[in-house]
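# Summary of the model geometry
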Amino acid sequence: MAGTTADMRREAVVERLRDGMARGVLSFPLTSFHRDGSLDLDGFRAHVEAQIATGPGAVFPACGTGEFFSLDEDEYRRVVTATVEVAAKRLPVVAGTGYGWAQAARFARIAEEAGADALLVLPHYLVEGPQEGLVAQVEQIALRTRLPLIVYQRGQVTFSTRSLERLTRVPGVIGLKDGHSDLDRLQRLTLAAPEGFLFFNGAATAEIQARAYAAVGVPAYSSAVHAFAPEIAGAFFTAHRDRDDAAMDRLLRDFYIPFVELRDRRTGYAVSLVKAAARLRGRPVGPVRAPLTDPSPADLADLEKLLAAGLDLVSSPTPVGVAQ
């Protein structure tokens, strides 16, 4: 009976995620810090509430955009707990976990106690491993939590088709998030997975490749832009959902591609540029923690101009990507 109950709970999470993925982008909130680097929980709560108010499909606290790597266990507990409280069951909460499996299991236990619905298993720390080791890492985490797992392949983690088939048989594993953008490999994985297995586009600035991912069966994506400009992210999601190629092209050409070019100027801008943009919008997110650095004054000025142009694009008399 216990196994049946676990299966029912897991399937309920899958259905909520699938429903949310069809309705909106996946929100990865920033973790708020004070100027001295300490956790700003009040600022974080305000940021999460503002994110949820825009209607994302799910919220993923303490992941890559949320600087999981810089949080200690107590801070992690407070961040996940605050997200669960603010979400108040309005949408699924998927917390990040990572490092080696022993440490990942500790974070998983904290997330479970905090009331998270599922976990995103971030790439493990430092070392590379063979395929059997990558699968074993996930198996060890799954043995130590009752929460469903979404596995993130990125960096040194890349699963073969055979490894994915093994992962889909691990109790608790419900999906795969891809950050490699190898569409040949990804197509093989989607075709090898059982019906109902979840896939997510986790490419950096995922909107750039949203159409390509959708073409191989992965329409759902996470949006870093949603963390600072949900108006722009929402307009793109609407255009993508409605297959409005003209609207997507304009958003890509006039905002997303220039944003990616700015992001690529310096290592770490995938997070610090997003956080700087949120500050420009008056969001209480604070600075990044080392080893990340905040943008240079010149890059910040360019970001401010680009952000203003993007917001103008979606607030014009005939806004891009908004159904009329």
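About the thresholds
- All chains use their own residue numbering, which begins from 1 and follows the written sequence.
- Whole-chain, interface and lining totals are the exception, using all residues; otherwise, since this is a predicted model, local features are given only for residues with pLDDT of at least 70 and side-chain atom pairs are given and counted only at 80 or more.
- Here the side-chain values reflect all heavy atoms present in the structure, with hydrogen atoms and water set aside.
- For this analysis, a salt bridge means a side-chain nitrogen from Lys or Arg found within 4 Å of a carboxyl oxygen belonging to Asp or Glu.
- In this text, helices come from DSSP runs of H or I with a minimum length of four residues, and strands from runs of E with a minimum of two, each type numbered from the N-terminal end.
- Exposure is judged per residue with a 1.4 Å probe applied to protein chains only, and the accessible area is read against the type maximum: over 50% gives exposed, under 20% gives buried, and values in between give partly exposed.
- Pairing between strands is defined by DSSP: at least two bridges between them are needed.
- Axes here refer to lines fitted to C-alpha atoms; in helices the fit is confined to the stretch in contact. Angles between the N-to-C directions go from 0 to 180 degrees.
- Any two residues having at least one pair of non-hydrogen atoms within 4.5 Å are treated as being in contact.

### Notes on the pattern of salt bridges
This model, assessed by the stated rule, comprises 25 salt bridges. Here aspartate 7 and arginine 10 are joined by a salt bridge, their closest N and O atoms 2.3 Å apart. Of this pair, aspartate 7 and arginine 10 are both found in helix H1 (residues 2–23), three residues apart, which corresponds to roughly one turn of the helix. Residue classification places aspartate 7 among the partly exposed residues on the basis of a relative accessible area of 41%. A salt bridge links aspartate 264 to arginine 263; the nearest nitrogen and oxygen atoms lie 3.0 Å apart. On the basis of relative accessibility, which here comes to 13%, the residue arginine 263 falls in the buried class. When salt bridges that share partners are traced, they join Arg211, Asp245 and Asp249 into one network.

### Considerations on the sheet that holds strand S5 (residues 149–153)
As summarised here, the arrangement of the five strands in space is S3-S4-S5-S6-S7, forming an open sheet in which the pairing is parallel. Of all strands in the sheet, those bounded by a partner on one side alone are strand S3 (94–97) and strand S7 (198–201). Averaged over all pairs of adjacent strands, the angle between their axes in this sheet comes to 25°, without regard to strand direction. Two strands pair when backbone bridges link them, and strand S6 (residues 173–178) and S7 are joined in this way by four bridges, in the parallel orientation. In the sheet register, lysine 177 faces S7, and the bridge partner there is phenylalanine 200. Helix H4 (residues 101–114) rests against S3 and strand S4 (118–121) of the sheet, and its axis sits at about 160° to S3. Docked against the sheet, helix H7 (residues 183–192) engages S5, S6 and S7, running at close to 160° with respect to S7.

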